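Structural overview for review
This is what each chain is made of:
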Amino acid sequence: MHTIAERGIDVALVSEPFLKKGRGRWAINGNGTAGIWVKDPQSADMIMKEDGITGVEIQGVNYYSLYFSGNRPAVEYNEFLNTLGRTLREKKKKIVAAGDLNAKSPMWGEDGGRDRAEK
């Protein structure tokens, strides 16, 4: 959090945030895997809170923090991407999305690459 304050950041999209104290300026999905830190919480409206996805709207821009565990089956990964794709297509606003989708692949040094990483 020190770096965020030091650099004057207004919005930070964080996968697997480690929160010791209360949520305060954080919007977090139900399982705590995708978070959005907002400098001015009153400026943000929660628009999505699902497994691996947190979304807020700030001044006409939709921000999404994403997380998907590499230990889950490929069929769940495809469902996750379909939900995300539908959501992003339905929104008629500017979108900023970032996340950790944990695809394993030999291309980046992971043994036993998964099908989804190769597609």
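Residues numbered from 1 in each chain as written. Predicted model: local features only at pLDDT ≥ 70, side-chain atom pairs only at ≥ 80, totals over all residues. Heavy atoms only, no water.

**Brief notes about the sheet that holds strand E4 (residues 44–50)**
Taken in spatial order, the 4 strands line up as E4-E5-E6-E7 in an open sheet, and their pairing is mixed. Whereas interior strands pair on both sides, the edge strands pair on one side only; in this sheet they are E4 and strand E7 (94–100). On average, each strand axis in the sheet is tilted by 15° relative to the strand beside it, whichever way the strands run. Bridge count for strand E6 (residues 61–67) against E7 is 7 bridges, and the pairing is parallel. Bridged to Ser 65 within E7 is Ala 98. (Pairing = 2+ DSSP bridges. Helix = DSSP H or I, 4+ residues; strand = E, 2+ residues; numbered from the N terminus. Axes fitted to C-alpha atoms, helices over the stretch in contact; angles between N-to-C directions.)

**Considerations on the side chain of Ser 69**
Its location among the elements puts Ser 69 in the loop between E6 and helix H2 (74–90). Only 3.1 Å separates the side chain of Ser 69 from the backbone nitrogen of Asn 71, close enough to count as a polar contact. (Polar contact = N/O pair within 3.5 Å; in protein donor to acceptor, adjacent residues only side chain to side chain.)

**Observations concerning the sheet that holds strand E2 (residues 26–28)**
Overall, antiparallel pairing links the 3 strands, which are arranged E1-E3-E2 in an open sheet. Looking at strand neighbours, the two that pair on one side only are strand E1 (11–15) and E2, the edges of this open sheet. For this sheet, the mean inter-axis angle between neighbouring strands, taken without regard to orientation, is 20°. As paired elements, E2 and strand E3 (residues 34–38) share 3 bridges and run antiparallel to each other. Residue pairing across strands places Ala 27 opposite Ile 36, the latter belonging to E3.

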